[in-house]
4 protein chains.
Amino acid sequence: MTLMIRKDVIDADNAARIADLQTDYDHLGAQLARRGIDIAAIKAQVTAYGVAVPSWGVGTGGTRFARFPGTGEPRNIYDKIEDCAVIQQLTRATPTVSLHIPWDKVDDLRGLREKGNALGLGFDAMNSNTFSDAADQTHSYKFGSLSHADPATRQQAVDHNLECIEIGKVLGSNALTVWVGDGSNFPGQVNFTKSFERYLDAMKAVYKGLPDDWKIFSEHKMFEPAFYSTVVQDWGTNYLIAQELGPKAHCLVDLGHHAPNVNIEMIVARLIQFKKLGGFHFNDSKYGDDDLDTGSIDPYRLFLVFNELVDAETRKAEGFSPMHMLDQSHNVTDPIESLMNSATEVSRAYAQALLVDRKALAGYQDGNDALMATETLKSAFRTHVEPILAMARYEAGGAIAPVAAYRASGYRAKVSGERPATKGGSGGIV
Amino acid sequence: MTLMIRKDVIDADNAARIADLQTDYDHLGAQLARRGIDIAAIKAQVTAYGVAVPSWGVGTGGTRFARFPGTGEPRNIYDKIEDCAVIQQLTRATPTVSLHIPWDKVDDLRGLREKGNALGLGFDAMNSNTFSDAADQTHSYKFGSLSHADPATRQQAVDHNLECIEIGKVLGSNALTVWVGDGSNFPGQVNFTKSFERYLDAMKAVYKGLPDDWKIFSEHKMFEPAFYSTVVQDWGTNYLIAQELGPKAHCLVDLGHHAPNVNIEMIVARLIQFKKLGGFHFNDSKYGDDDLDTGSIDPYRLFLVFNELVDAETRKAEGFSPMHMLDQSHNVTDPIESLMNSATEVSRAYAQALLVDRKALAGYQDGNDALMATETLKSAFRTHVEPILAMARYEAGGAIAPVAAYRASGYRAKVSGERPATKGGSGGIV
Amino acid sequence: MTLMIRKDVIDADNAARIADLQTDYDHLGAQLARRGIDIAAIKAQVTAYGVAVPSWGVGTGGTRFARFPGTGEPRNIYDKIEDCAVIQQLTRATPTVSLHIPWDKVDDLRGLREKGNALGLGFDAMNSNTFSDAADQTHSYKFGSLSHADPATRQQAVDHNLECIEIGKVLGSNALTVWVGDGSNFPGQVNFTKSFERYLDAMKAVYKGLPDDWKIFSEHKMFEPAFYSTVVQDWGTNYLIAQELGPKAHCLVDLGHHAPNVNIEMIVARLIQFKKLGGFHFNDSKYGDDDLDTGSIDPYRLFLVFNELVDAETRKAEGFSPMHMLDQSHNVTDPIESLMNSATEVSRAYAQALLVDRKALAGYQDGNDALMATETLKSAFRTHVEPILAMARYEAGGAIAPVAAYRASGYRAKVSGERPATKGGSGGIV
Amino acid sequence: MTLMIRKDVIDADNAARIADLQTDYDHLGAQLARRGIDIAAIKAQVTAYGVAVPSWGVGTGGTRFARFPGTGEPRNIYDKIEDCAVIQQLTRATPTVSLHIPWDKVDDLRGLREKGNALGLGFDAMNSNTFSDAADQTHSYKFGSLSHADPATRQQAVDHNLECIEIGKVLGSNALTVWVGDGSNFPGQVNFTKSFERYLDAMKAVYKGLPDDWKIFSEHKMFEPAFYSTVVQDWGTNYLIAQELGPKAHCLVDLGHHAPNVNIEMIVARLIQFKKLGGFHFNDSKYGDDDLDTGSIDPYRLFLVFNELVDAETRKAEGFSPMHMLDQSHNVTDPIESLMNSATEVSRAYAQALLVDRKALAGYQDGNDALMATETLKSAFRTHVEPILAMARYEAGGAIAPVAAYRASGYRAKVSGERPATKGGSGGIV
């Protein structure tokens, strides 16, 4: 396997930390034992857990006002998967990459697959793009794509999704994520009903082209880029889509795509209950689709989402096998560092949720002991599980402290020397 | 028919206004004729339109902090329907009353029905109450009703709903509205999935008791009285309920029960498209479930909702026949005045929506002419339709200016002399 | 004066409409006379009213996901002011243009001023840009500008603002608008207090360079481009800035820059009361800083803002002379059409607010007659004032129906032939 | 000192826990030592910290829909302070009680003070009530109090506040908290400017009666009980009040009184910077003024608020000495348990904030290392500080596990036998 970071760099950083880690791990083990929990079992589950990294996430993001690129920005999908490999090498928690077409389209797909595999990476869900116009495109998506009033534009969007499936087949992916920006900026601009009918028709055409062992995910979002209405605006509409399409269709939940104050963990529970939870785009947000680092704003909410996932896992909920992916915009940090930290945050929430005493919780719930029920969750959340995460990384060959090891490696400086500077531009406002 | 307001009072007030009204009506008729619209046809549709008044709406409302009663507060359902009759007499737009059990429960149901009919009032949907404890109740709803962890409490709530149906049968109602406050105040307090399963089971038991020609409406609400999670929290869950229950089950939309910024007219469109729109609780809100007078905060939003309704009516959407009711809390106004004005606002939005040039609109939509599409709606909204509403009232025997006629009648002073003062209390915070 | 649209085109369109307009105007005049209002006086006030157009508004906007340009996009400030002149010629309501530096920077400022004047346009407030990096800039604004931790970067931002003042002096402007995107994406990224201290220091340096007869406007915004904290996040902070700087400093209110549900008209009233209302960036929004066409989402809110302005005007509030500007992003319409419609919407809200019976309103307010107080506002809002607006335009040489006349003129096709197509790009997300 | 809970009950519960606590405390001490932190110093600061309990908080709360009382509800202020004494005895973190007038008004104020002192309790800020009508009141607050249009009503409200000061003087309080519900439910109902002028005049009259060593706190709230506008709607208006009144006037921040998505910790920072932070009403919320248990919904937000407080404390910010109080509505829990847990949560956030490495943080901030800056906060937040809190309680004579000890004591059962059941009522909606 090709290693992007030299093993000795990681080893050196780990060597300075392992003694303290072992002490902390042992003490945590003793604490958990008092609560009847086997720390090794938790560590094993954490080790087995992984979250996908999106190929576009390793580039610096921006807003409609500006983009301020960092140095060593990846130039293409080959650079991108090298950056992704760094994340996986150090965290051991991101074994797959999720591609975006046409941004990541290359002629030699088999070569790309091989390069990925050589770096220890598999290929997660494919992402189509009908929210911007590619250079060579016949019909514009200015007024929509899968729901466009014009049949030829819809067909073009369908064809693009079918092409993504074909590309994914070669790469070893087995899922297609469809997010569209279709909607309107003015009351009356589109007819809600006709527009959704057209969307459903187009999606049915895509669904027809889906291999039997694939899944298709639709993703809801309240607003942006459309600012009055969005075709797939919430989980209610998303559920209707999955229901209309059939058993291979599921709903994708992006944590930043909801109305203010919405109880997202409850939406997750509903989708699980009705067998339509397809997966997640993890990130965090304070205002809208802010695409901030996962767990950076409200870590307890992230835990509450994982509490639902572990609950479903524990009771072996029928049809439950969601996909996990990070989806963030890194505007002011080194994207590799943000993605490593976010992968850790997701693992942390998972580990904390595994610690919930579900039997006690059920008892408190049945007895309407609200205070002890919520304390049962809080007590799991408060547990400082970092030693478990760090030990899992360490034992799998990763870094005890990924960001520190990464900085020690000099990777960013190295690629900055190889990859030319990109320009920022002033975003979408001209 | 018993008249609550003397005919000569109304006649006198109308007499002072009819000449100007006729002038304005004629000029509006000419303006509409230029746009190819027959004012008489619009007036006929407005005349045929009606919205139900809730029995509890004629009392002064309050908040958890305080209630400041007015004078002449109705003491019981007999007083209440007299107040409702005033509203209908003056506006000719509120032909039915919606009762709340147990608040409006009486021994002589046939007598109540006859009194209603004598006042020119029919009986709209029945409303059950499992969000507060009645004096003689065995099990408390403190921790839920239809979703309560305890089967006996759930059964009690089911029985109460079945009783509401029985009462409604006698009164001539043909629908049951079920709103529950069930939810939780703490993460972990309830298990979302089990709780919803219990709710569905209980509702199925109620559904079984529903006569063939009845409908049952479930009503979603984001929060309050539960402040962390609510069992029927949004239209997505509401749709699932209606789907699980069967063809007699539909979703009720209260305009104030959504998350901030949510596009409500789009939810209305979705429910129509999937044949599950049951009806409305009209009111207005700026922050939460404020229960303000309909159209008082955002009249254009009300119009956009009616635009969807008229669109569905026009294309004869399958299964489309929603119920319309006002549901407001009148804390600082005379409830009769607020309800009269709100009935007028609903009629106004309906009239404006009838004026939309739907053929032109469809053309602009198909051509992606967003500006002209939205102008088509705006132009209908801006039309000053008051002459149509007033003429419809006048010709049906109502008041050209309902509030003025009401004030001239001295009704409030009269009932204030008959009905003793009530106390305010300091609400739910002790 | 140079006319961008041939006079005969406008005349021809007007000729087909003037008879109906005169009839409607006369009837409205009679209606208003009944309410004791002189329509000619209202028309005179509407005629005297104007709103500035931002130079960047005539280009097609976009989002971080994509920009879909239209045809005939203006290439530079000369093209832009020609487009602005079209708007002014047809609406007679946009006599000034507001420039953005460095986007609109040219060598020959006097020539630019003369061209503007020849087109009948003056120059409104200057706008500085420290939210994106110009090509030749020494220090990046990635981590802030006026509040940046590095003094050299702050000085660069101060110098840029001072340069904007110098440019404005030549053009005949007398105000500087400062909007910065400074803030943070992570808790802890900046120290709120130090950061605001640095901002205040830098603004004081700009203030020192402000001519005596100029004003400086600071503009608050809740979020975007920063997604955790923003230095000038709300009117409270904005007020503190204006207070710290001195009498020439005032607060600018953009209607889309507030938290969900916020009562904006009340903020306007507070700033008037404390003599710090500097002006407006008009637009509309449903979710965030959507920059939609003014009055397109919630026209009643726009009216309520103007109700405060007319109230202050009527009582001659001390220090009250706010600047009015449109600030919108036109993503799916012809920007010229959107700006014309928006100018009309602003005039409409002004005209409606002039119709409020303020004496009656004060009486209802003092008597706690909430229903009649709100009806007094509603009744003004409902008045169909279009005939007043159209007659004001017509008599001033503009178009009765600006969009129709514009379409008839073929202006967009003409400039599309002259100005080359621009590319969209895929926005800030790489 | 009178003990409400028998010492041997606490001792017995503590005895079973002290060994594990000592182990955990020692291990945490070793971990913190590695980070250069002395655990004993942190413990000393936690021990010195206290938060006030509101007298009304020990009763079960409710909503406008219903109140479901628990058993053993306190009947009067004497019962209430006994419940408060339980909280202080077990947590050692709530040394003072905050009274509400007229609810807690008694004839023998000196006797009340002595009883409080005998229970080990002092008296925190006094709270006036002009949001509901007392039984014997001359003028109603239905349409406002300090901002009412009628001078006699305003005077009555002023007099009530002055009376609260007099009562407080006897009890040893030195602060008055003024929260009013004044506002409006309809656009136009009140004139924003006149209404605020009246409020300011009335508050100035109260301020005049304030002893030199007292403080007066005004409290802002976005909405409820008024649903269109509120006189003191946000911190901007609150700051203006404090500025107009003078140096003894400060702003109170209730965590649940803001618009959705608002960055509260930033408001706290601004008020500190401008020397106007008066104190807190701690609680948590998901939707509006939910008054949930502190830290139950978003514990990281609570930490971020305390991060600002410790930052100000550390740099000895001028004029910084905020008051801390819990203000919650306990609808589904035993109020004593909720208040004990909430006091612990506040102490926890304080302890975590004390752990922030402020020197490192400042370095990351100056160097724009956003990722490490936020990690510095996160790392403090993640530290499991419970052993510090528990040891501080234990050493001060409190309970290691307050809820467990409380349940073991049988206190609720005992008072349920002594205090008669109260009725729930169906809240403000009648």
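Described in the following lines is the structure provided in the data block. (Residues numbered from 1 in each chain as written. Chains lettered and ligands numbered in written order. Predicted model: local features only at pLDDT ≥ 70, side-chain atom pairs only at ≥ 80, totals over all residues. Heavy atoms only, no water.)

Some details on the relation of the copies chain A and chain B
In step 1: For the pair chain A and chain B, the superposition axis carries a translation of 0.0 Å, the fit reaches an RMSD of 0.0 Å, and the rotation angle comes to 180 degrees. A rotation of that kind, with that shift, is consistent with a two-fold axis. In terms of proximity to the rotation axis, the leading residue of chain A is glycine 236 of chain A, whose C-alpha is 2.0 Å off the axis.
In step 2: With an isologous cut-off of 70% or more, the 100% of interface residues of chain A that recur at the interface of chain B puts this contact in the isologous class. (Least-squares fit on C-alpha atoms with pLDDT ≥ 70 in both. Contact = heavy atoms within 4.5 Å.)

Observations concerning the sheet that holds strand β4 (residues 122-123) of chain B
In step 1: In spatial order, the strands read β1-β2-β4 (chain B); together these 3 strands make up an open sheet with parallel pairing. Two strands close off the open sheet at either side, each with one partner strand: β1 (53-54) and β4 of chain B. (Pairing = 2+ DSSP bridges. Helix = DSSP H or I, 4+ residues; strand = E, 2+ residues; numbered from the N terminus.)

With respect to the interface of chain A and chain B
In step 1: Chain A puts 55 residues into the contact, and the matching count from chain B is 55 residues.
In step 2: In total, chain A and chain B occlude about 4600 Å² of area from one another, counting both sides; carbon and sulfur atoms represent 59% of this.
In step 3: Across the contact surface, chain A and chain B share 15 residue pairs in polar contact (both at pLDDT 80 or more).
In step 4: Broken down by secondary-structure element, the contributors of at least two residues to the side of chain A that touches chain B are α7 (192-208), β9 (229-230), α8 (235-245), α9 (264-273), α10 (299-314), α12 (358-366) and α13 (370-382) of chain A.
In step 5: Broken down by element, the residue count for the side of chain A that touches chain B peaks at 7 residues, all from α8 of chain A.
In step 6: Partitioning the side of chain A that touches chain B into residue classes produces 28 nonpolar, 17 polar and 10 charged. (Buried area = accessible area lost by both parts, 1.4 Å probe. Polar contact = N/O pair within 3.5 Å; in protein donor to acceptor, adjacent residues only side chain to side chain. Nonpolar A, V, L, I, M, F, W, Y, C, P; charged D, E, K, R; others polar.)

Considerations on the packing of aromatic side chains
In step 1: Applying the stated rule across the entire model yields 78 aromatic pairs over all chains.
In step 2: With centroids separated by 5.4 Å and ring planes inclined at 20 degrees, the aromatic side chains of phenylalanine 282 of chain C and phenylalanine 306 of chain C adopt a geometry described as stacked. Highlighted residues: phenylalanine 282 of chain C in strand β10 (residues 277-282) and phenylalanine 306 of chain C in helix α10 (residues 299-314), separated in sequence by 24 residues. Summarising the burial analysis for this pair, phenylalanine 282 of chain C and phenylalanine 306 of chain C share the class buried.
In step 3: When the ring of phenylalanine 196 of chain D is compared with that of tyrosine 199 of chain D, the centres are 6.1 Å apart and the planes differ by 15 degrees; the resulting orientation is stacked. Note that phenylalanine 196 of chain D and tyrosine 199 of chain D are positioned in helix α7 (residues 192-208) at a spacing of 3 residues, about one turn of the helix. The pair formed by phenylalanine 196 of chain D and tyrosine 199 of chain D is uniform in burial state, with each residue classed as buried. (Phe/Tyr/Trp six-rings, centres within 6.5 Å; stacked < 30°, edge-to-face > 60°. Buried < 20%, exposed > 50% of the residue type's maximum accessible area, 1.4 Å probe, protein only.)

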